[in-house]
Amino acid sequence: MANRVLSNYVRWLLSEKLNDEEREELRSMDDKKKDDAFFQDIEFGTAGMRGVLGPGTNRLNRFTVKKASIAFSMYINETFKDVEKKAVAIAYDNRWFSPEFCNLSAEILNDYGIDAYIFDSLRPTPELSYAVRELNCVGGIMITASHNSKEYNGYKIYDETGCQLVPTKIERVIEILADLPDELTVEPDPVEVRGVTHVIPSSLDDTYVAAVKTLQINPKLNKKGFKIVYTPQHGTSYENAMRVFNELGYEVIPVAAQCEHDPNFGATLSPNPETAEAFIEPIKLAEEEKADLIVMTDPDGDRCGLAYHTKEGEWVRLTGNESAALLIDYIMSNKAAKKKLPKNGALYDTVVTSDLGRKIAKSYGVNVESFLTGFKYIGHQIDHYEKIGGGPEFVFGYEESYGCLVGPFVRDKDGIQAITLYCEMALFHHLKGKNLGQAFDELQKKHGWHKATTKSFMFPGSDGKDKMNKIIDFVRNNPPAALAGSQVIEFYDFLTDEKLDCRTGEKTHLDLDSSNVLKFVFDDSSWLAIRPSGTEPKCKVYVEGVSPVSNEEATAKALALIKEFCDFAGME
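Anyway, here's the lowdown on the structure attached to this text.

Quick notes on the rules
- Residues numbered from 1 in each chain as written.
- Predicted model: local features only at pLDDT ≥ 70, side-chain atom pairs only at ≥ 80, totals over all residues.
- Heavy atoms only, no water.
- Helix = DSSP H or I, 4+ residues; strand = E, 2+ residues; numbered from the N terminus.
- Rg over C-alpha atoms; globule rule 2.2 N^0.38 Å.
- Contact = heavy atoms within 4.5 Å.
- Areas by Shrake-Rupley, 256 points an atom, 1.4 Å probe, with all protein chains shown as cover.
- Lys, Arg positive; Asp, Glu negative; His and termini not counted.
- Charge placed at Lys NZ, Arg CZ, Asp CG, Glu CD.
- Pairing = 2+ DSSP bridges.
- Axes fitted to C-alpha atoms, helices over the stretch in contact; angles between N-to-C directions.
- Core = buried A, V, L, I, M, F, W, Y, C linked by side-chain atoms within 4.5 Å.
- Buried < 20%, exposed > 50% of the residue type's maximum accessible area, 1.4 Å probe, protein only.
- Left-handed = near helix turned anticlockwise from the far one by under 90°.
- Nonpolar A, V, L, I, M, F, W, Y, C, P; charged D, E, K, R; others polar.
- Expected span 1.5 Å × (residues − 1).

**Here we look at the overall build of the protein**
- Scanning the protein for helices and strands turns up 17 helices and 23 strands.
- Since a compact globule built from 572 residues should have a radius of gyration of about 25 Å, the 24 Å found for the protein is in line with a globular shape.
- Taking the principal axes of the C-alpha coordinates as reference, the protein spans close to 65 × 55 × 50 Å.
- Across the protein, every contact between residues at least 6 apart in sequence was considered, and the portion connecting residues at least 24 apart equals 69%.
- For the protein, the exposed surface amounts to about 23100 Å²; the carbon and sulfur share of it is 50%.
- On the protein, the mean spot of the 66 positive side-chain charges and the mean spot of the 88 negative ones are 4 Å from each other.

Set out below in structure tokens:
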């Protein structure tokens with residue numbers, strides 16, 4: 001066992017600040033668990049902290065949350081010196097210890113003279129973003145681990161615009177964290193006039209739901225006989241989603257067992273809309289009820305998955321890229337028909353998002369800007385243009401991982417907005433005699449067939465990060481010239497913020513923030529990217545196969561690219 005692991009473990013075991021339960025959990029750890037719990041301090045990355053719950057320096061617990069809250073409080077007081085009365089909004093999801101972490105964060109903010117606004121119970125991430133703006137707060141905290149399994153929780157921080165902190169801001173928080181004593185020693189330094197904790201009034205729910213309802217494009221569509229099965233995956237969106245469904249007149253059947261705010265996620269095999277396991281129970285209910293559509297939100301309510309019923313009687317899931325492409329076309333075509341599509345409209349996506357959405361947007365004359373992964377960049381750009389004035393008008397923003405935004409009164413991805421528009425879109429096509437699969441085929445016939453997929457690799461433990469970084473460094477220093485019979489024509493290194501034209505040797509500055517991401521574009525317009533997670537010991541490979549001929553050819557291309565690349569990089 002490494003010296004760092006052993007010294008940290010002993011330091012925790014002997015600490016008088018631990019309770020009996022925490023100390024007993026430490027004693028029950030085998031060497032592998034000790035290594036993972038103590039080989040490093042839990043990372044405060046570009047999206048805050050996310051980790052397994054439990055005692056340890058590399059775990060999410062009351063001590064690591066306390067230290068993060070102290071650092072954030074110090075950052076706020078340093079950044080907003082001229083603001084006489086500072087406040088931060090806090091929300092939390094259904095996970096273990098989420099309410100406790102919320103209250104702990106509020107107490108520490110109060111110690112530093114900062115007011116806290118907390119909800120009376122759990123709320124989704126997008127409503128936290130909305131609350132920051134509505135309550136004129138200088139920041140926000142969201143206690144959530146998003147779609148991760150029950151063992152996890154997380155801590156995300158927001159700026160005064162309701163957006164997660166971009167690197168130029170988060171770097172200062174990380175610097176403050178690094179200068180603080182260790183998580184067991186650090187204590188807040190209370191000011192003379194403490195802040196006050198307020199309960200957010202229910203009127204904020206009312207205004208949020210009212211804002212979501214304004215996003216409808218065709219509100220008078222005939223909803224009779226169109227059945228929707230909905231699940232919040234035990235999470236935060238149930239109340240807001242059902243309220244929106246009911247007020248808009250949809251016939252919705254919720255998956256009752258998955259509507260309970262259960263921290264154990266007891267009625268689902270996975271709370272992640274990206275997995276087939278998440279759809280098992282909704283599909284069973286949809287079969288019984290002869291439903292037309294399945295929609296789900298993830299536990300913190302910022303992402304949305306959906307599945308449609310084919311004419312052959314099967315249920316087919318759409319990926320985040322596919323569902324977003326359909327929604328982009330629906331929004332833009334209908335707004336154009338109503339002469340409501342702005343002439344200087346903008347769509348925002350990420351560098352690992354499908355090209356199909358970009359092609360659709362450009363076909364309607366909408367400009368596209370692509371950013372690094374992380375919805376904070378999209379939120380930040382909305383705020384940037386809003387402040388300078390005269391810039392592009394936001395139309396839509398999305399990531400490939402089921403997150404999108406329609407109305408910029410929220411500055412993060414919003415699952416409630418998504419299901420509102422997805423249901424309207426599906427109903428629109430249903431009334432024309434088409435399911436979403438048929439509508440998507442029509443899109444691809446027009447713009448070319450695109451098959452985007454991902455593959456994830458976990459790198460746990462003290463040597464995991466080193467293994468992951470070595471793989472990426474190997475690829476960076478030995479970029480492939482060709483894969484699966486296709487030549488690489490462009491090589492993007494987002495760490496150096498450069499694009500290399502492999503045909504001419506010319507390098508171009510990208511003007512994006514630095515991130516350890518590599519991307520290869522091939523001569524047939526297919527592409528592949530590799531990116532380590534900012535919050536988990538995980539590396540993702542993204543690929544999109546493109547074909548002018550068929551979906552089968554695009555799929556075969558994507559699978560061949562990802563296989564050859566993983567063999568080349570030594571990723572099993």
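**Overview of the sheet that holds strand 1 (residues 49–52)**
- Sheet architecture is open: six strands sit in the order 1-5-4-2-3-6, paired in mixed fashion. Of all strands in the sheet, those with a lone pairing partner are strand 1 and strand 6 (197–199), marking the two edges. Across the sheet, the mean angle separating the axes of adjacent strands is 15° when strand polarity is ignored.
- Here strand 3 (residues 115–118) runs beside strand 6; their pairing, made up of three bridges, is parallel. Counted as the bridge partner of I118 is V199 from strand 6.

**Points about the nonpolar core**
- By size, the foremost hydrophobic cluster in this structure holds 92 residues, and its most contacted members are F245 and F396.
- Top contributing element to this core by residue count: helix 14 (residues 415–431), with 10 residues.
- Not counting chain neighbours up to four residues away, the residues in contact with F245 comprise Y230, Y250, V252, V295, I419 and C423.
- With 39 residues, the next largest nonpolar core counts V138, I157, I170 and V173 among its residues.

**Overview of the packing of helix 4 (residues 62–79) against helix 5 (residues 98–111)**
- Across the interface, helix 4 lies against helix 5 with an axial gap of 9 Å and an inter-helix angle of 40°. Crossing geometry of helix 4 relative to helix 5 is assigned as right-handed. Residues R62, V65, K66, S69, I70, S73 and I76 of helix 4 touch helix 5, and the partners they reach there are F101, L104, S105, I108 and L109.
- For the contact of helix 4 with helix 5, the class distribution of residues is seven nonpolar, three polar and two charged.

**A few points about the sheet that holds strand 8 (residues 251–254)**
- Overall, mixed pairing links the five strands, which are arranged 8-7-9-10-11 in an open sheet. Only two strands of the sheet have a single partner each, and these edge strands are strand 8 and strand 11 (315–318). Neighbour-to-neighbour, the strand axes of this sheet turn through a mean angle of 25°, independent of strand direction.
- In the sheet, strand 7 (residues 227–231) pairs with strand 8 via four bridges, with the strands oriented parallel. Bridge pairing in strand 8 places Y230 opposite P254.
- Strands in contact with helix 14 are strand 7, strand 9 (293–297) and strand 10 (304–309); relative to strand 9, the strand with the most contacts, it is inclined by about 170°.

**A short note on helix 5**
- Along its 14 residues, helix 5 runs 20 Å from first to last C-alpha, staying within 8% of the 20 Å computed at 1.5 Å per residue.
- Of all the 14 residues making up helix 5, 10 are buried; the element is thus mostly covered by neighbouring parts of the structure.
- Along helix 5, the residues that are buried comprise S98, F101, C102, L104, S105, A106, I108, L109, N110 and D111.
- On its buried face, helix 5 sits against helix 4, strand 2 (87–92), strand 3, strand 4 (139–143), strand 5 (152–158) and strand 6.
- Immediately beyond the C-terminal end of helix 5, within one or two residues, lies G113, with a positive phi of roughly 80°.

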